Every structure is written in structure tokens, then in C-alpha cells.
Number of protein chains: 2
Amino acid sequence: MSSLTIIGLGPGNLAMRTPQATAALERATDLVGYGPYVARVEAPAHVVRHVSDNREELDRARHALTLAASGRHVAVVSSGDAGVFAMASAVFEAIEHGEPGWAGLDVSVVPGISALLAVAARLGAPLGGDFCALSLSDNLKPWPLVLQRLRAAAGAGFVIALYNPLSQARPWQLGAALAELREILPGTITIVFATAVSRPEERIVITTLAQADAACADMRTLVLIGSVGTRLIARPDAPPWVYTERRVTAR
Amino acid sequence: MSSLTIIGLGPGNLAMRTPQATAALERATDLVGYGPYVARVEAPAHVVRHVSDNREELDRARHALTLAASGRHVAVVSSGDAGVFAMASAVFEAIEHGEPGWAGLDVSVVPGISALLAVAARLGAPLGGDFCALSLSDNLKPWPLVLQRLRAAAGAGFVIALYNPLSQARPWQLGAALAELREILPGTITIVFATAVSRPEERIVITTLAQADAACADMRTLVLIGSVGTRLIARPDAPPWVYTERRVTAR
């Protein structure tokens, strides 16, 4: 019996990879994913690594399904959680529009610690209330819709996690998003740029909306937009804690 | 040196608890939390269990901080992720408004697989695009604000995860929220009631907004509101996959 397991590896630190994910990786005959994520997985030499570029998600999903249909145990790996701006959705899209037999394959999804949760834990408790996750990429949705969602979420007081804030192909989106937010939110709102959390190259910048500079972000950065209830607690000899009050009073 | 670690236990299945969480629990001299969550942790007999009711979060946080300040290694445990509608925010609120020495304690947060991520993985990939998490409890925010956030998120096309959909003290909120959503979204939108995911008593109901019945939920249920891009894929001998298309076209 073959299988296809879509696995969230967590943010990078092995201590945050679940035993369920590790067990699923140990069953795999084939690893499929974006190069740096596949490289993170230790596996015996007989395991075949199928590495592809970051932007070929649907091709990669079809390739994984073809392998599984041929009898292999395939692990499709993503950083963080596979269901959050990662491979899971592409695999199901490929199943729906692909070979009739694919819906009968033994497919499962193994959740992982998402970048959002890892960043939040590192900072304190910035997701103390209602929150949303929004991709700034306009590869898959029109830019006016990105802005509409940003305005809706900020206007209603959600804490916002921005995924895919910018890339070489999309250098201006984060700056435009910050400009839009300055029209809606006070300049004192807390903004955090969190890059490569839990990895050796981790970098965290805590600032305000008025001061925030899009140049603090790269394609691996999660940008967190606080709400009016987001607060800093000074600590001796450490960066401040960031948390969002649980209680919201009428505005 | 004492410590206070705020730990997300994951949704219940031990295979989803991270090694980081397990290691932190093994260091604890004291476990603090809501009774059923503390009961989930296996620990040697000398570890002291401090159990409290679910609604006393700030008192529980102060108690944990007092223990840590007295030299104990305290683990505050939550189900899922401690930063998502759980204990982390209450602990930082207690630090900010509590004893001056508390901000200098060795505090850390260990992320966990949140109910949202566990439910999404179980269903397929319903969070394929932008999403938000919203608590329906009006203990900590006024009900009109809950409705405002619900309208904003649904109107902008976010997939919505509703936490705390109802309780014995709040029996009507979920019905009112579904009625509000019916004013904004098509009746064909997918709604999922997911209860106790990954545990033996797991129960999942996949339905539509038009058909959704608040009686399918209890206080442990996560209610997922799809978007217009949320689709079902029929499977032989299994419930359908639920996933949300990555691509959104202008509406």
C-alpha cells in the first residue's frame, strides 16, 4: 500500500517537530519539496529526494501524487505547518483536477508548528485575542483584494500576521501595506519583524507602525501587526515581552 | 534558578506534542492549569499539581508566578497552543500588573499544535488562503464587537475559525453568529463542526451555512467557516476532503 503524507516540519528547530511528523518521515521512500526544506530532513541514503523550486507548487503536487500512485510512500514537506500558505492546498487542488484514482490514494496531513505560533511564543503572547493570517503575495490574488482584507482586519481590531511580505519579484508590497495601515491605525501600534525564528540566524525587530521600515523584512520574515491592545513589558537584560490584552473594551 | 514555562500540549494526541514541550514538562516541579489539561500530563509523584477551574485564568497566572518567584520550576499548561485563546496572555498580563520582580523571572513560552491547525490537517487544507481566528465569547469583549469582527472577516473573504462557540453560560452566541453570517455569505458555504480532534471522542460534522445547526457544537468544538473558495473532494469510503483554493479571482 502506497501513501502520500503532507508534513509540516515546524519552524526549523528539531525540538519543535512533532513525533507524528518524525514517524511519518521515517516511513517515506520519497521526499518531495522545496530544496531547503527537503535538505532539513535526515533520511537514509535509499530515500529519494525530489527537489524543486519554491514557485512550482502545483507541478510538485502532481509529481508527488504520481509517485504515490506508482506505489511509493511519499512525504511532501513544508516548513512550519503545511496547511498555512504551504503545500497542503496545492496537493488537494491537484487531486481534485487530476487523475480519477488520486482521490482514492492514502493521503494524510500532519500538522506542524507554524511560523505564526513559533513567532508568537518567542515574543510572549501577541495573539492574545482575535487574529488573522494574510499573505501579501499577489501571485494568487489581486492586489486590491490584499488591501481590502488588510483594511478589514485592521479596522476590526484583529492582530495581523503578514506572510510572504516581499520577495525579489515583489519588492514593493510590504511598503504599500504599511502605508495603507498608517491610514487606519495609530502610529504607536506595535510592529514586529521576525525572521528565521528558532534557527541560528534568528532576527527579531520590535518597532512601531510609525517607525516600521519594510527593509527589515525578507522573504522569510513574518510581519506581525499588533492591535491597540498589544503591549510591551520591559525586561532586565532582554528584549521586551510583546503581548496582547485579552480584554477589549468598546471603542 | 527557578522558571515559569507556558506550554501548549497540542490537541490531545501525544504524537502531536513537541519534544520541546515534553522536555519542559520533565523539568517542572509544579504543574498549573485547568484540571483536564493538567490531568493529561504524566509526571512523577513528587510533582505538585495545582488545578483550577477554567474561568480563573488571571488568578491561576498569579499563582504560577508566585510559585516561580519562590524558587519552583513551574509549568503552566494549556491544550493546543498556549498563545491562542489560552494561558499565555493571562500570564503576561499578570506580570505587567503584578510584583515588580516578576518581569525578571525566567519565563518562556513553548508553542503547541493549536486546535485550528489540528482540525485543518484532519480535514485536508481548509486554511489554503487567508484566515482568521475569532473567539465568540463575550466574557472579554462586547458582543457587538464580536459581530463587527465576524462581518469584517466574512465580508473580506477570510476563512474563519470560531473558538469558544458556546458554553452553558453562553448558549445563544453561535446561533446568533450563524444568523449574522447568513446575511453576508451564500448558504452553500462549507461549515465544519470539529470536536475533540485527535482524541478518541473525535466528532466531525461537515455541512453548509444554510444547514448548519448550532446544536452540533459544544464548548470543545472549533467551528470552521469556509470561504467561497472552499471545496469538497469526494473520497471512496471516507468523508470528503475539505480544502480552500489558493487562487482567488476578483469578485
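The present account deals with the structure reproduced in this document. As the structure is a computational prediction, the values presented were derived from the model and not from experiment.

About the thresholds
Residues numbered from 1 in each chain as written. Chains lettered and ligands numbered in written order. Predicted model: local features only at pLDDT ≥ 70, side-chain atom pairs only at ≥ 80, totals over all residues. Heavy atoms only, no water. Least-squares fit on C-alpha atoms with pLDDT ≥ 70 in both. Contact = heavy atoms within 4.5 Å. Buried area = accessible area lost by both parts, 1.4 Å probe. Salt bridge = Lys/Arg side-chain N within 4 Å of Asp/Glu carboxyl O. Axes fitted to C-alpha atoms, helices over the stretch in contact; angles between N-to-C directions. Helix = DSSP H or I, 4+ residues; strand = E, 2+ residues; numbered from the N terminus. Left-handed = near helix turned anticlockwise from the far one by under 90°. Nonpolar A, V, L, I, M, F, W, Y, C, P; charged D, E, K, R; others polar. Pairing = 2+ DSSP bridges. Expected span 1.5 Å × (residues − 1). Buried < 20%, exposed > 50% of the residue type's maximum accessible area, 1.4 Å probe, protein only. Core = buried A, V, L, I, M, F, W, Y, C linked by side-chain atoms within 4.5 Å. Polar contact = N/O pair within 3.5 Å; in protein donor to acceptor, adjacent residues only side chain to side chain.

Let us now look at the relation of the copies chain B and chain A. Here chain B sits on chain A after a turn of 180° about the axis and a move of 0.0 Å along it, with an RMSD of 0.0 Å. Taken together, the rotation and translation relating the two chain copies correspond to the operation of a two-fold axis. The rotation axis passes nearest to the C-alpha of Cys132(B) in chain B, at a distance of 1.9 Å. In this assembly the copies share their binding face: 100% of the residues contributing to the interface of chain B also contribute to that of chain A.

To continue, consider the interface of chain B and chain A. Quite often, the size of an interface is put as the accessible area lost when its parts meet. Taken together, the contact pairs 73 residues of chain B with 73 residues of chain A. A combined buried area of about 6,000 Å² lies between chain B and chain A, and 60% of that area is made up of carbon and sulfur atoms. Among the residues chain B hides against chain A, the three largest losses belong to Asp130(B), Leu140(B) and Arg246(B). Together they make up 13% of the total. At the surface where chain B touches chain A, the tally comes to 10 salt bridges. Asp130(A) serves as the salt-bridge partner of Lys141(B), at 3.0 Å between the closest nitrogen and oxygen.

Now for the packing of helix 3 (residues 57–69) of chain B against helix 4 (residues 87–97) of chain B. Residues and elements named next belong to chain B. It is at 8 Å that the axes of helix 3 and helix 4 come closest, and there the two elements cross at 65°. In this structure, helix 3 meets helix 4 at a crossing whose hand is right-handed. Along its contact with helix 3, which presents Glu57, Leu58, Arg60, Ala61, Arg62 and Leu65, the element helix 4 presents Met87, Ala90, Val91, Glu93, Ala94 and Ile95. Grouping the constituent residues of the contact of helix 3 with helix 4 by class yields eight nonpolar, no polar and four charged.

Residue and element names in this part refer to chain B. Spatial strand order, 3-2-4-1-5: five strands in an open sheet with parallel pairing. Whereas interior strands pair on both sides, the edge strands pair on one side only; in this sheet they are strand 3 (48–52) and strand 5 (107–110). Neighbouring strand axes in the sheet, compared pairwise and without regard to direction, differ in orientation by 20° on average. With five bridges connecting them, strand 2 (residues 30–34) and strand 3 associate as parallel partners. What sits directly across from Tyr34, in strand 3, is Ser52.

Attention now moves to helix 6 (residues 143–155) of chain A. Taking 1.5 Å of rise per residue, the 13 residues of helix 6 of chain A would be expected to cover 18 Å, and the 18 Å separating its terminal C-alpha atoms lies within 8% of that figure. Regarding helix 6 of chain A, the residues found buried are Trp143(A), Leu145(A), Val146(A), Leu147(A), Arg149(A), Leu150(A), Ala152(A), Ala153(A) and Ala154(A). Of the surrounding elements, those touching the buried residues of helix 6 of chain A are strand 7 (131–135), strand 8 (159–163) and helix 7 (173–184) of chain A together with helix 6 (143–155) of chain B. In the stretch just after helix 6 of chain A, Gly157(A) is the one whose phi turns positive, near 90°.

What follows covers the pairing of strand 12 (residues 230–235) of chain A. As paired strands, strand 12 of chain A and strand 13 (residues 238–244) of chain A are joined by five bridges and run antiparallel to one another. Note that in strand 13 of chain A the partner of Thr230(A) across the bridge is Thr244(A).

What follows concerns the nonpolar core. Generally speaking, nonpolar side chains in soluble globular proteins are found buried as a group. Formed by 58 residues in total, the largest nonpolar core has its most connected members in Leu174(A) and Leu174(B). Among residues more than four places away in sequence, those in contact with Leu174(B) are Leu136(B), Leu162(B), Pro165(B), Leu166(B), Phe193(B), Ala214(B), Ala217(B) and Val223(B).

A few words now on the sheet that holds strand 2 (residues 30–34) of chain A. Residues and elements named next belong to chain A. In spatial order, the strands read 3-2-4-1-5; together these five strands make up an open sheet with parallel pairing. Two strands lie at the open edges of the sheet, namely strand 3 (48–52) and strand 5 (107–110), each paired on one side alone. Looking at each pair of strands side by side, their axes are set apart by 20° on average, direction ignored. Summarising the sheet, strand 1 (residues 3–8) and strand 5 pair through four bridges and their orientation is parallel. Bridging across to strand 5, Leu4 finds its partner in Val107. Against the sheet, helix 4 (residues 87–96) engages strand 1, strand 4 (73–78) and strand 5, with an angle of about 155° to strand 1.

Counted under the stated rule, the structure contains 26 salt bridges over all chains. If you follow the salt bridges from partner to partner, you end up with Arg199(A), Glu201(A), Asp218(A) and Arg220(A) in one network.

Residues and elements named next belong to chain A. Within the fold, Ser2 resides in the segment before strand 1. Accessibility expressed as a relative area gives 12% for Ser2, which makes it buried. Of the polar contacts made by the side chain of Ser2, one reaches the backbone oxygen of Ala68; its length is 2.9 Å. Residue contacts for Ser2: discarding those within four places in its chain leaves Ala68, Gly71, Arg72, His73, Leu105 and Asp106.

Let's shift gears to unusual backbone geometry. Of note in the backbone geometry, Phe85(A) takes a positive phi value of approximately 50° without being a glycine. Here Phe85(A) is to be found in the loop between strand 4 and helix 4. Although it is not a glycine, Asp237(B) sits at a positive phi angle of roughly 60°. For Asp237(B), the location among the structural elements is in the loop between strand 12 (230–235) and strand 13 (238–244).

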